[in-house]
Amino acid sequence: MRAAVLTFPGSNCDRDLAVAFAAHGFAVSRAWHKDTALPEGVDVVGIPGGYSFGDYLRCGAIAARAPVMAAVAAHAARGGHVIGICNGFQVLTEAGLLPGVLMRNAGLRFVCRRVALEVATAGSPFTALWQAGDAIVLPVAHHDGNYAADAATLERLEGEDRIAFRYRDNPNGAARDIAGILSANRRVLGMMPHPERAIEAAQGGTDGSALFRALAGAFAVA
Amino acid sequence: MVTLKPGVLDPQGEAVRHALGALGFTGVDGVRQGKLIELDLAHADRAAAEAAVRAMCEKLLANTVIETYTVEIG
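Note on numbering: residues in each chain are counted from 1, in written sequence order. Just so you know, chain letters begin at A and ligand numbers begin at 1, following the order they were written in. Only residues with pLDDT of at least 70 get local features here, since the model is predicted, and only at 80 or more are side-chain atom pairs given and counted; chain-wide, interface and lining totals rely on the full set of residues.

## So, the overall build of chain B
This is how the line gets drawn: A run of DSSP states H or I qualifies as a helix once it reaches four residues; a run of E qualifies as a strand once it reaches two. Both are numbered from the N-terminal end. Our radius of gyration is a C-alpha quantity, and the globule rule it is checked against amounts to 2.2 Å times the number of residues to the power 0.38. Exposed residues have 12 or fewer other C-beta atoms within 10 Å of their own C-beta, buried residues have 20 or more, and residues in between are partly exposed; the C-beta atoms are placed from the backbone. For the purpose of contact definition, each residue receives a C-beta atom placed from its backbone, and two residues are in contact when these atoms lie within 7 Å.
Regarding its fold elements, chain B presents 2 helices and 2 strands. Start at the N end of chain B and walk to the C end: the helices and strands fall as β-α-α-β. For 74 residues, the compact-globule estimate of 2.2 N^0.38 gives 11 Å, and the C-alpha radius of gyration of chain B, at 16 Å, exceeds that figure by more than 25%. Reported as C-alpha extents along the three principal axes, the dimensions of chain B are approximately 50 × 25 × 15 Å. In chain B, which comprises 74 residues, the share counted as buried stands at 5%. A separation of at least 24 residues holds for 48% of the contacts in chain B among residues at least 6 apart in sequence.

## Quick look at helix H1 (residues 14-23) of chain A
An α-helical turn contains 3.6 residues, so any two residues separated by three or four positions project in the same direction. Residues and elements named next belong to chain A. Our working rule: Comment: arc refers to directions from the helix axis out to C-beta atoms.
Those residues of H1 that sit buried are Asp14, Leu17, Ala18, Ala20 and Phe21. Taken around the axis of H1, the buried residues stretch over an arc of 160 degrees, which confines them to a single face. The first or second residue beyond H1 is Gly25, which carries a positive phi of 95 degrees.

## Some words on the pairing of strand S9 (residues 163-167) of chain A
A regular strand carries its side chains on alternate faces of the sheet. All names here are of chain A. Stated formally: We treat two strands as partners when DSSP finds at least two bridges between them.
Of all 5 residues that make up S9, 4 are buried, and the element is covered over most of its length. Bridge count for strand S6 (residues 111-119) against S9 is 3 bridges, and the pairing is antiparallel. Bridge assignment links Glu118 to a residue of S9, and that residue is Arg166. Both S9 and strand S10 (residues 178-182) contribute to a ladder of 3 bridges, which runs antiparallel.

## Details of the interface of chain B and chain A
This is how the line gets drawn: Asp, Glu, Lys and Arg are counted as charged, while Ala, Val, Leu, Ile, Met, Phe, Trp, Tyr, Cys and Pro are counted as nonpolar; the rest, among them Gly, fall into the polar class.
The partner chain A presents 10 residues to the 8 residues of chain B that form the contact. In terms of residues, the side of chain B that touches chain A owes the most to one element, helix H1 (residues 11-22) of chain B, which gives 3 residues. The class makeup of the residues in the side of chain B that touches chain A is 6 nonpolar, 2 polar and no charged.

## Observations concerning H1 of chain B
The test is simple: For a helix, the expected span equals 1.5 Å multiplied by the number of residues minus one.
Taking 1.5 Å of rise per residue, 12 residues should cover 16 Å, and H1 of chain B covers 17 Å from first to last C-alpha, within 8% of that figure. Looking one or two residues past H1 of chain B, Gly24 of chain B carries a phi angle of roughly 95 degrees, positive in sign.

Below you can see the structure in the form of structure tokens.
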């Protein structure tokens, strides 16, 4: 059960994400943005939050074209698991691994607080320990979390049960209160809230832990 | 020039529009904020330069999910 956490210049949640994976039984290795291959035998890739490349041009745009992302795309195409959190979600949309785009928050303000979420589907290796409709609380910290996509894409996400999390009190204007979405094969998850910042009581909440436990469980039975 | 597609909500443009109204500029019905990207190219041939810039826009400079672009060779 191996996880690889990417680091771009400006990533700042990479260590937290590595700690969260390790705390849930993953052997964790780190990959640098210039790497052209992922470490051998990686099951899940974590793309962390932060401000990759200073958020220059568009959030996640330059990171999405970094050499390591070609390896991540190949991993995803093979059916590998990927989780992108916050800036990692932005990188996944910019890389075309998830549809849509994260725009500037509708209120134009950076939002940094704990938010109430609804788990919108239990049908994924990330959310399998919850039930659809469960209420959880996770921290958010972002300036560009306003999920947007054309109407057909939103309909498709909804129809294919690919919305993973919704905000109960939308902090950023995201379409249909979307806080996280899944790929068509349900193995790529992008989400703005930070589960890795809610895995032990000292962080103010432990609701994020179930995500990592679910993911660990997916590999344990495999 | 990279601009948001019509119909894509532009929160920054809206904020600028409000600020202009607050300053007493009347009659501003809408503000759309975009990006001007200047490139210094080695291409000798204008057509080749334009083709190259269009490819750059498609691949990196614009996110064609929400943005559109125009190219001008000076």
